[in-house]
Amino acid sequence: MASSNALAGPGRVPGLLRAARQVGGVLGSLALTFLGLTAVTFFIGRVMPVDPVLAIVGDRAPAEVYDRVYLELGLDQPIWRQYLLFMGDLLRGDLGVSIQTSRPVLEDLMRFFPATLELATAATLVGVLLGVPMGVAAAVNQGRPIDHIVRVVGLIGYSAPIFWLGMVALLVFYAWLGWAPGPGRLDVFHQGLTPSVTGLLVVDAALAGQWDVFHNALAHLALPTAVLGTYALAYIARMTRSFMLDQLGEEYVLTARVKGLPERVVIWRHAFGNVLVQLITIIGLTYASLLEGSVLTETVFAWPGIGQYITSALFKSDMNAVIGGTIVVGFCFVGLNMLSDLLYRLVDPRTRA
Amino acid sequence: MKIIKHTLAAGAIAAASVFAVPQASAETPPNMLVLGQTISDLITLDPAEIFEFSGGEIANNIYDRITTFEPGDYETLVGGATESWQISEDGKTITFTMRDGMTFHSGNPVRAEDAVFSLRRVVKLGKTPSFILTQLGWTPENVDDNVTVTGDGTFEIKIPADISPGLVLNALSATVGSVVDEVTVMANEVDGDLGYAWLKTNSAGSGPFSLRAWNANETVILDRYDGYWKGAASMERVIVRHLPEPAAQRLLLEKGDIDIARTLTPDQIAGLEGAEGVTIEDAPKTKIVYLAMNTSEGPLADPKVWEAMRWLVDYEGMLGSFLKGQYSMQQSFWPTGLFGSISENPYTLDIEKGKALLAEAGYGDGLTLTMDTLNVAPFMDIAQSVQQTLGQAGVTVEIVPQDGSALWPKYRARRHGLILAQWGPDYLDPHSNADSFAHNPDNALEAKLTGKLAWRNAWADETITGMTEAASQETDLDKRAVMYRDLLTAHQTGSPFVNMFRSSEQLAIQDGVTGFVSGPTFDLVFYDGVTKE
């Protein structure tokens, strides 16, 4: 007994067990999320008062064409069987073919999602880089002009319709001032020149060493990023301000100040350190919601992202595309949640126990 | 505080650096045509399957059809991939002679074998627009016998159905009449699909342009084909950009980033009128806006109510206000100016007459109806106008706006009351509309003639159905035109359809860009004549 204990090491077996349990838990929650997402999307698709056959054959199709496609889609089968068949295909990695693009949904997602990923990442970066310091500054200067300014900026970003904001940004920076290029991911003369590696145009152009395309892609990214970033910034600044105010009123902050610690240390190390966990949650949620695709921003800026893809798929009753898109968005949420959990462990020692 | 200032400054620099990126010029190159429109309807580029506006338009610039129309003249049918044709005396056989010296984009010659392959392929694949050819009596089983190569550069089609050869020739000018490159298509065949999976997203034509790329919901890029039989187009490349937001489209036009804006709203067109550097052009189309009545039961089954409805629409009022420039008067189902059309528009708003007719029908105390329509402009505006004028005659209308994906299944299942919708022909022959608006040989629900508007509205008039059939079979062109005029008049005054307007496309074009032709149907849009100063 003693030797086996020595081999395993004190506390090692329970540690492994715990890790296995955690991995099992994560995998279980992933599987459940996956099942729930597909089931809900599938059944909503089937009970919607739209006709998936008409979406394919068109309004004018003769009855015989309609009937043939109806059978091809397996719509004559009971709904549970349709779901099982669908799940079978899905588990083999076959998301089916999209009606609206005539291409496999997986291929579409690999093209549309990076466009959204590029935009959402840039917007979140803007939101964090500007929103966090603004929120902190507002909290530290509560009631002073800087606080009012941050609150007004936040209010505008939060309450102005993003569609309107996009149009105004285009009008001012593209049409009047000429500082930014118009809608789209690239100017027409740069299209189709860059081999797709990641799907992120900025990255692909840099990898290919095509610096003119890189600059063009970055310039096209600027306006939609600014618009979407304003929304992210407003939310993050507002929440940061509120979290910071809570902390700055705590006794430990007073103690730190009484001890004569520099204000910089009091604010950033003590107070800010304690809002990080909440802030990570907020940033994670903001990023996830932007990754869903912002349909309105994508529409104004003719940005071929996943939001536009899923929305137009919905209008066309293109359920393969809707389900594919929903799964991607679902996984983004799950993934970012897991990432947030990991980050909590890094910033909050209490969660490591 | 210092650190906060530093952080804020760093953030501002980061944001500014994003904007400080140099940008490209805002003028389209002189050898490139850039169109701004919506292409979200584009779902296939296979001519055997295309039935969408964007698809038909693009295919017209990639493929040559067996017959076609010259840009600007839509009354005279001319040869496309064929040079001439001969109709047999009984009108049951047409022999075509192919045009000499044509080549596909692949370099392969355009042969009679390709034309025969293309027609057989449409029928065998059986996609939605195949009905344009199957109405000739062709089936997947008999099409090999009815469409055959007869010699070097000639082929023959036989017409089993009782149908006028004039109609057949017009039908072959539709997208399904496009000639595809058999060798290239069959090289990409998978599991006997006649190259269907491949041709959905690729091209194999002989037209002025070839497909370079189609990025769904983003762009379609076409490259000039230097070997085009009419001579190479002036533009080396055509880029069709998907710009779903009309306001953004207008900005791009004003900045010179697109040459032609195709889907601007009426207020944007009004704003551009008289603007420097931009010209507005109207291109009349063949789409007809109509109000129809489900005659299955109730008041809408009464012809007096139909007639009353025709007097209770404020045609001029709408055309003079929110429809200005976008629509014109069209009270018959076949657009005025085309073969066999009439120009009479006898109805105006006359509340008293409408009321009197309703009283005659026994509805003097009024009645309540529902009106299904699409939830987009201008249908909602038209519906509200009709609701208001019908209201003056005691008819209470509840408008049910909805998306097409919900409306069409309802319409096809005859679950509507009044419906306000639009219809455009599938090819430039009056039969294309007559077959839908007027022909209903079996009104039973089980007959499922869902492609016909007459059937959807449960309306079967033996005389009018007979007139439609006779006109479609008439071989004498002049007689046929007269027959359609009679049919249009009979339908105008005796059907449950209130035909109202004909649509127009309003194009905003950069000065210096000329030669863009948007014909009457969605699949007669020509890019090859475009030049830039």
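Residues numbered from 1 in each chain as written. Chains lettered and ligands numbered in written order. Predicted model: local features only at pLDDT ≥ 70, side-chain atom pairs only at ≥ 80, totals over all residues.

A. How the structure looks around the overall build of chain A. Helix and strand content of chain A: 15 helices and 0 strands. Along the first, second and third principal axes, the C-alpha set of chain A runs to 85 × 80 × 45 Å. Evaluated residue by residue, chain A yields a buried proportion of 43% over its 353 residues. (Helix = DSSP H or I, 4+ residues; strand = E, 2+ residues; numbered from the N terminus. Buried ≥ 20, exposed ≤ 12 C-beta atoms within 10 Å, placed from the backbone.)

B. Fine view of the interface of chain B and chain A. Contacts between chain B and chain A engage 53 residues on the former and 60 residues on the latter. Elements that contribute at least two residues to the side of chain B that touches chain A include exactly α1 (2-19), β8 (209-215), β9 (219-224), β10 (237-242), α9 (246-255) and α15 (404-412) of chain B. Considering every element that reaches the side of chain B that touches chain A, the biggest residue donor is α1 of chain B, with 9 residues. Residues of the side of chain B that touches chain A, tallied by class, amount to 29 nonpolar, 15 polar and 9 charged. (Contact = placed C-beta atoms within 7 Å. Nonpolar A, V, L, I, M, F, W, Y, C, P; charged D, E, K, R; others polar.)

C. A look at the sheet that holds strand β5 (residues 93-98) of chain B. Residue and element names in this part refer to chain B. The strand order across the open sheet formed by 4 strands is β4-β5-β7-β6, and the pairing between neighbours is antiparallel. Looking along the sheet, the strands with just one partner apiece sit at the ends: β4 (82-87) and β6 (147-151). In this sheet, neighbouring strand axes are inclined to one another by 25 degrees on average, regardless of whether the strands run parallel or antiparallel. Bridge count for β5 against strand β7 (residues 154-158) is 5 bridges, and the pairing is antiparallel. If you follow Thr93 over to β7, its bridge partner there is Lys158. (Pairing = 2+ DSSP bridges. Axes fitted to C-alpha atoms, helices over the stretch in contact; angles between N-to-C directions.)

D. The nonpolar core, seen in detail. Counting residues in hydrophobic clusters, the biggest one holds 175 residues, and the most contacted among them are Ala217, Leu223, Ala232 and Ile236 of chain A together with Ala115, Leu133 and Val168 of chain B. Looking at this core element by element, the count peaks at 22 residues for helix α10 (residues 211-248) of chain A. Apart from residues no more than four positions distant in its own chain, Ile236 of chain A is found in contact with Gly127, Val128, Gly131, Val132, Gly135, Ile282, Ile283 and Thr286 of chain A. With 69 residues, the next largest nonpolar core counts Leu323, Tyr484, Met500 and Phe501 of chain B among its residues. (Core = buried A, V, L, I, M, F, W, Y, C linked by C-beta atoms within 7 Å.)

E. Here's a closer look at the environment of Trp268 of chain A. Residues and elements named next belong to chain A. Mapped onto the elements, Trp268 comes out in helix α12 (residues 263-291). On the basis of neighbour counts, which here come to 15 C-beta atoms within 10 Å, the residue Trp268 falls in the partly exposed class. Put simply, Trp268 and Gly307 are 39 residues apart on the chain and 37 Å apart in space, counted from C-alpha to C-alpha.

F. Quick peek at the packing of α10 of chain A against α12 of chain A. Residues and elements named next belong to chain A. Contact pair α10 / α12: the axes reach a minimum separation of 9 Å and the direction vectors enclose 155 degrees. Between α10 and α12, the angle is such that the two are roughly antiparallel. Viewed along their axes, α10 and α12 form a crossing whose handedness is right-handed. Across from Leu228, Ala232, Tyr235, Ile236, Met239, Thr240, Phe243, Met244, Gln247 and Leu248 in α10, the residues of α12 making contact are Ala271, Asn274, Val275, Gln278, Leu279, Ile282, Ile283, Thr286 and Leu290. Its residues assigned to classes, the contact of α10 with α12 comprises 14 nonpolar, 5 polar and no charged. (Parallel < 35°, antiparallel > 145°, perpendicular 65-115°, else oblique. Left-handed = near helix turned anticlockwise from the far one by under 90°.)

G. A look at helix α18 (residues 462-473) of chain B. Residue and element names in this part refer to chain B. Here α18 spans 17 Å end to end across 12 residues, near enough to the 16 Å set by a 1.5 Å rise per residue. Of the residues making up α18, those classed as buried are Ile464, Met467, Thr468, Ala471 and Ser472. For α18, the angular spread of the buried residues around the axis is 130 degrees, confining them to a single face. In α18, the exposed residues that point more than 90 degrees away from the buried face are Glu462 and Thr463. (Expected span 1.5 Å × (residues − 1). Arc of directions from axis to C-beta.)

H. Molecular detail of the packing of helix α11 (residues 251-258) of chain A against α12 of chain A. All names here are of chain A. The N-to-C vectors of α11 and α12 enclose an angle of 150 degrees; their axes lie 10 Å apart at closest approach. The two elements α11 and α12 meet at a crossing, and its hand is right-handed. Contacts between α11 and α12 pair Tyr252, Val253, Ala256 and Arg257 from the former with Val266, His270 and Ala271 from the latter. Class assignment of the residues belonging to the contact of α11 with α12 gives a composition of 5 nonpolar, 1 polar and 1 charged.

I. Representation of the pairing of strand β14 (residues 367-374) of chain B within the structure. All names here are of chain B. In terms of strand pairing, β14 meets strand β15 (residues 395-402) through 8 bridges, oriented parallel. Across the sheet, Thr370 pairs through a bridge with Glu398, a residue of β15. Since β14 and β15 lie parallel, the crossover through helix α14 (residues 379-392) that links them has a hand, and here it is right-handed. (Right-handed = clockwise from strand over helix to strand, strands pointing away.)

J. Highlighting helix α4 (residues 63-72) of chain A. Residue and element names in this part refer to chain A. Here α4 has its buried residues at Val65, Tyr66 and Val69. Buried residues of α4, viewed axially, fall in a sector of 100 degrees; they line one side. Buried residues along α4 sit against α3 (52-57). With its phi angle positive at about 75 degrees, Gly74 sits one or two positions after the end of α4.

K. Spatial organisation of the confidence of the model for chain B. Residues and elements named next belong to chain B. When pLDDT is averaged across chain B, the result is 92; 95% of the residues are at 70 or more. Low pLDDT, under 50, characterises residues 1-5; the predicted model gives this stretch 7 contacts beyond four residues in sequence or across chains. Note that residues 7-25 has pLDDT below 50 and, in this model, 26 contacts with residues that lie over four places away or in other chains. Confidence metrics for the complex model read pTM 0.83 and ipTM 0.75. (pLDDT = per-residue confidence, 0-100.)

L. Quick look at the pairing of β5 of chain B. Residues and elements named next belong to chain B. The side-chain alternation of β5 yields one buried face, formed by Ile94, Phe96 and Met98, and one unburied face, formed by Thr93, Thr95 and Thr97. Pairing of β4 with β5 involves 5 bridges; the strand directions are antiparallel. The residue of β5 that forms the bridge with Trp85 is Phe96. Counting the residues that bridge the hairpin from β4 to β5 gives 5 residues, and of these Gly91 lies at a positive phi of roughly 75 degrees.

M. Quick look at the environment of Tyr228 of chain B. Relative to the elements of secondary structure, Tyr228 of chain B occurs in the loop between β9 and β10. Filtering out sequence-adjacent residues up to four positions away, Tyr228 of chain B remains in contact with Gly207, Pro208 and Ala233 of chain B.

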